[in-house]
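Letter by letter, the chains look like this.
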Amino acid sequence: MADLTPTPDSPGLHISKPSPKAPATGSAVCHCGATATATGDSQVRALVEGYTANHGPAHRNGGGRR
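Residues numbered from 1 in each chain as written. Predicted model: local features only at pLDDT ≥ 70, side-chain atom pairs only at ≥ 80, totals over all residues. Heavy atoms only, no water.

Asker: Before we go on, may I ask you to explain the overall build of the protein in this structure?
Answerer: The secondary structure content of the protein amounts to two helices and three strands. The secondary structure elements of the protein, listed N-terminal to C-terminal, are β-β-β-α-α. For the protein, the residues scored as buried account for 27% of the 66 residues in total. Within the protein, counting contacts between residues at least 6 apart in sequence, those at least 24 apart form 15% of the total. Carbon and sulfur atoms make up 53% of the accessible area of the protein, which amounts to about 4500 Å² in all. (Helix = DSSP H or I, 4+ residues; strand = E, 2+ residues; numbered from the N terminus. Buried < 20%, exposed > 50% of the residue type's maximum accessible area, 1.4 Å probe, protein only. Contact = heavy atoms within 4.5 Å. Areas by Shrake-Rupley, 256 points an atom, 1.4 Å probe, with all protein chains shown as cover.)

Structural data, given as C-alpha cells:
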C-alpha cells in the first residue's frame, strides 16, 4: 500500500483511526507551506475543520490565508 502521508510535494489531509477504540491521528500539509498534526478524535476533528476552512480547498475557492 502506498504511503498516504501528505508532503510538500503532495499536499493534502490524511486521517487514520485503525479501530473504534483507538484515537484518531491526522496530518495536513498545504501547498502554501502550512503543516499540522493532531492526535485524538476532537483534535483531529479540529484539524480537518481548520484545514478545510483555511487551506487546501479554501485556497482553490479564493478564501483562506495565503
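Asker: Please explain the pattern of salt bridges as it appears in this structure.
Answerer: Any two side chains of opposite charge can pair, given that their charged atoms come close. Summed over the entire model, instances satisfying the criterion amount to one salt bridge. Put simply, aspartate 41 and lysine 17 hold a salt bridge, and the shortest N to O gap is 3.1 Å. Note that aspartate 41 is positioned in helix H1 (residues 41-54) and lysine 17 in the loop between strand E1 (12-16) and strand E2 (25-29), a separation of 24 residues in sequence. Its relative accessible area of 37% is what places lysine 17 among the partly exposed residues. (Salt bridge = Lys/Arg side-chain N within 4 Å of Asp/Glu carboxyl O.)

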